[in-house]
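Take a look at the letters that make up each chain.
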Amino acid sequence: MGLDDKIKNAAEDLGGKAKEGFGKITHNEKLEAEGKAEQAKADVKKAGENVKDAFK
């Protein structure tokens, strides 16, 4: 996994956590769900990169 990919995935994960937290604070269920979705997307990307690294 390249450093750029790790940084992008971490940023997406943190952005998702921030969005989820803000959604909870403001009682905005849509924003909270979007944050959770962004975190899940980042987790999938991380897992895919880990699989790639395992076969190198």
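Rules used in this analysis
Residues numbered from 1 in each chain as written. Predicted model: local features only at pLDDT ≥ 70, side-chain atom pairs only at ≥ 80, totals over all residues. Heavy atoms only, no water. Salt bridge = Lys/Arg side-chain N within 4 Å of Asp/Glu carboxyl O. Helix = DSSP H or I, 4+ residues; strand = E, 2+ residues; numbered from the N terminus. Buried < 20%, exposed > 50% of the residue type's maximum accessible area, 1.4 Å probe, protein only. Contact = heavy atoms within 4.5 Å. Axes fitted to C-alpha atoms, helices over the stretch in contact; angles between N-to-C directions. Parallel < 35°, antiparallel > 145°, perpendicular 65-115°, else oblique. Left-handed = near helix turned anticlockwise from the far one by under 90°. Nonpolar A, V, L, I, M, F, W, Y, C, P; charged D, E, K, R; others polar. Expected span 1.5 Å × (residues − 1). Polar contact = N/O pair within 3.5 Å; in protein donor to acceptor, adjacent residues only side chain to side chain.

A. The pattern of salt bridges, seen in detail. Within the structure shown, the criterion is met by nine salt bridges. Between Asp13 and Lys46 there is a salt bridge, with its nearest N and O atoms 3.8 Å apart. Of this pair, Asp13 sits in helix H1 (residues 3–26) while Lys46 sits in helix H2 (residues 29–54), and the two are 33 residues apart along the sequence. The exposure class of Asp13 is buried, given its relative accessible area of 10%. Lys46 gets classed as partly exposed once you look at its relative accessible area, which sits at 28%. Residue Glu49 pairs with Lys52 through a salt bridge whose shortest N-O separation is 3.4 Å. You can see Glu49 and its partner Lys52 sitting in helix H2, three residues apart, about one turn around the helix.

B. Fine view of the side chain of Glu32. In this fold, Glu32 is placed in helix H2. For Glu32, a relative accessible area of 18% corresponds to the buried category. Excluding anything up to four places from it in sequence, Glu32 contacts Lys19, Glu20, Gly23 and Lys24.

C. Summary view of the packing of H1 against H2. Following both chains from N to C, one finds H1 and H2 inclined at 160 degrees, their axes separated by 7 Å at the closest point. Judged on the interaxial angle alone, H2 and H1 are roughly antiparallel. Here H1 runs over H2; the crossing is left-handed. Residues belonging to the contact of H1 with H2 are distributed by class as follows: three nonpolar, six polar and 16 charged.

D. Spatial organisation of H2. Relative to the 38 Å expected for 26 residues at 1.5 Å per residue, H2 spans 37 Å between its end C-alpha atoms, a close match to the ideal helical length. Along H2, the positions that sit buried rather than exposed are Leu31, Glu32, Gly35, Gln39, Ala42 and Glu49. Summarising the contacts, the buried residues of H2 are in contact with H1. Measuring from the side-chain oxygen of the N-cap residue of H2 to the backbone nitrogen of Lys30 gives 3.2 Å; that N-cap residue is Asn28.

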